[in-house]
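# Results of the structural survey
Chain by chain, the residues run as shown.
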Amino acid sequence: MDSTLTCLGEWMPRQRWYANKGAAPDLRLVAEWDLGGSPDARVQVLLVCDSSGGRPSLYQIPVVWRSEASPAEIGRPHGAVLVDGTADAAFHAVLYALVTRGGRFGGADGPLYGEPSPRHVRGSHHPLPATVLEGEQSNTSLIFRGAGRAHPVICKVFRQVHAGLNPDIELQSALSEAGARSVPPVVGAVSAMWRAPGDEGHLVAGSLAFAQEFFPGVQDAWRVALRAAEQGADFSGPAERLGVAVAETHAALARLFPTRPATAADLDTTAARWRARLHAALEAVPELEASVPAVEATFARALAAPWPRLQRVHGDLHLGQVIDVPGRGWVLLDFEGEPLRPMSERHAPDFAVRDVAGMLRSFAYAADSVPAGSAGDPHAWAATTRAAFLRGYAASGAAETADPRVLSAFEVDKALYETVYEARNRPDWVRIPLAAVERIAAG
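Residues numbered from 1 in each chain as written. Predicted model: local features only at pLDDT ≥ 70, side-chain atom pairs only at ≥ 80, totals over all residues. Heavy atoms only, no water.

## Some thoughts on the pairing of strand β9 (residues 140-144)
Burial analysis of β9 places five of its five residues in the buried class, which makes it a mostly covered element. Going residue by residue along β9, you find T140, L142 and F144 tucked away on one face and S141 and I143 tucked away on the opposite face as well. Note: strand β8 (residues 131-132) against β9, two bridges, orientation antiparallel. By the bridge assignment, T131 is partnered in β9 with I143. Where β9 lies against strand β10 (residues 153-157), five bridges are found, and the strand directions are antiparallel. By the bridge assignment, L142 is partnered in β10 with C155. (Buried < 20%, exposed > 50% of the residue type's maximum accessible area, 1.4 Å probe, protein only. Helix = DSSP H or I, 4+ residues; strand = E, 2+ residues; numbered from the N terminus. Pairing = 2+ DSSP bridges.)

Shown next, in the form of structure tokens:
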């Protein structure tokens, strides 16, 4: 296994989903599951712990052992060819069977099992080979297209895994079972058990993959909105309808999961997280120093205002998480929450205004991404679009609206989060959230 981990340690830093860029992985095996296959294609799922960062991270690595070269080769430990499973048809077949028909595999630590949705109608056909969804993602998504199925299936393989049910599965499954049209129908999921790193006597369970129906031929709202911003085209109609869809989703989550009023302790906790985010952003981008007084004043005004109830929320809502499906309307995706937030926070009730602020920041990102010389005024476009979204959210009457002072504070907090993210992952983009912090904090 040491030579396998060495190969993985050389390969992982080149992957988009590897979080600790710039550091050499420090890996140890936590769990492994043999999922069968054929004599020339042995399928495994490896769970490895990386201790190179400040906090250990667990990564899921599906692999296939082959005897011949592969374009998706990771390395050649033990004389065999180790292949990235997400790019190999042998793993595709096993994964598809797990999410559509179920199954259970033993492992060195605990079982791995597939769980089809109760509403999923299982077919006898075999899918065509899966394709990997391209783009910047913190996970790996595979699209299965097969004859005899009304809709393709998209299966997200979680790369960083955590103990507990992933909120993406928990929230979307509840919404789907309740008949909400703002999320895709659920197909199935894959979960497993393993020994907790640092507490080897304790078995924990967590989510490895999640499958839903896939809507082909549609673009995410980011691409649609960016094109409108570049052309100076009115986006207020779609933005208003999007506001209605988000409000209705919040209302459904409030019906399906417990809610409670905000307490003084909740405000103290939120304020502490804001200050921690500000400190992290200052460390990442020292140029923020001049905006600190305005940011702190924005937070103080929010803490003096009335606050909405806490409930379950999307947690990382932006234009890239939304698609416009003909005959269905706006559909929300990826309910995992912010990748940089601890999983315990993502499971807890939160303020729906966080999602509203995330979408408003996304409109601003689209405006700030418009190339110089494009038609129209991108910042005027953003202001009009923002007003339309808020109008739709409030006019739906489905969800509680937040005090504008609270909304501004969450927008600043989101921009600080973006500052840290861009500084770590896309330094050329850090100018966008940096300017936003100054602009929002200044009112």
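Still to come is the rest of the account.
## Some remarks on the nonpolar core
Within the largest apolar cluster, 70 residues are counted, with the highest numbers of intra-cluster contacts made by L242, F363, W381, F389 and L416. Beyond its immediate sequence surroundings of up to four residues, F389 is in contact with A239, E240, L242, G243, V246, V356, M359, L360 and F363. With 43 residues, the next largest nonpolar core counts V99, V157, V190 and V204 among its residues. (Core = buried A, V, L, I, M, F, W, Y, C linked by side-chain atoms within 4.5 Å. Contact = heavy atoms within 4.5 Å.)

## Let's talk about the layout of surface pockets
Counted as a void, the second largest pocket has a volume near 380 Å³. Contributing to the lining of the second largest pocket are 17 residues, with A364, R386, E411, R439 and I440 lying nearest its centre. Residue assignment for the lining of the second largest pocket shows that the elements contributing at least two residues are α7 (292-303), α9 (353-368), α10 (378-395), α11 (404-425) and α12 (431-441). Per-class residue counts for the lining of the second largest pocket are seven nonpolar, four polar and six charged. (1 Å grid on protein atoms, 1.4 Å probe; cavity = no way out; pocket = protein on both sides within 12 Å on 5 of 7 lines; lining within 4 Å. Points joined across faces, edges and corners; volume = space filled by probe spheres on them. Nonpolar A, V, L, I, M, F, W, Y, C, P; charged D, E, K, R; others polar.)

## A few points about the pairing of strand β3 (residues 57-66)
Most of β3 is tucked away: nine of the 10 residues are buried. Bridging between strand β2 (residues 41-50) and β3 involves 10 bridges; their strand directions are antiparallel. Residue pairing across strands places V45 opposite P62, the latter belonging to β3. Adjacent in sequence and paired antiparallel, β2 and β3 are bridged by six residues. Across four bridges, the pairing between β3 and strand β5 (residues 81-84) is antiparallel. Residue W65 lies in a different strand from β5, and its bridge partner there is L82.

## Looking at the environment of L35
With respect to the helices and strands, L35 occurs in strand β1 (residues 27-38). When the C-alpha positions of L35 and R66 are compared, they lie 14 Å apart, and in sequence the two are 31 residues distant. Apart from residues lying up to four places away in sequence, L35 is in contact with V43, V45, V94, F105 and L112.

## Here we look at the packing of aromatic side chains
Tallied over the entire structure, the rule returns 13 aromatic pairs. Plain terms: the ring middles of Y18 and Y59 are 5.5 Å apart, the flat faces sit at 35° to each other, and that makes the pair tilted. Of the two residues, Y18 sits in the loop between α1 (2-11) and β1 while Y59 sits in strand β3, which places them 41 residues apart along the sequence. As far as the burial class goes, Y18 and Y59 line up, both buried. With a centroid separation of 4.7 Å and 20° between ring planes, the pair formed by W274 and F299 is classed as stacked. (Phe/Tyr/Trp six-rings, centres within 6.5 Å; stacked < 30°, edge-to-face > 60°.)

## Notes on α9
Here α9 spans 22 Å end to end across 16 residues, near enough to the 22 Å set by a 1.5 Å rise per residue. Within α9, 16 of the 16 residues are buried, leaving the element largely enclosed by the surrounding structure. (Expected span 1.5 Å × (residues − 1).)

## Quick notes on the confidence of the model for the protein
Residues of the protein with pLDDT of at least 70 account for 96%, and the chain-wide mean is 91. No element of the protein has a lower mean pLDDT than helix α8 (residues 343-347), at 84, and none a higher one than strand β13 (residues 310-311), at 97. (pLDDT = per-residue confidence, 0-100.)

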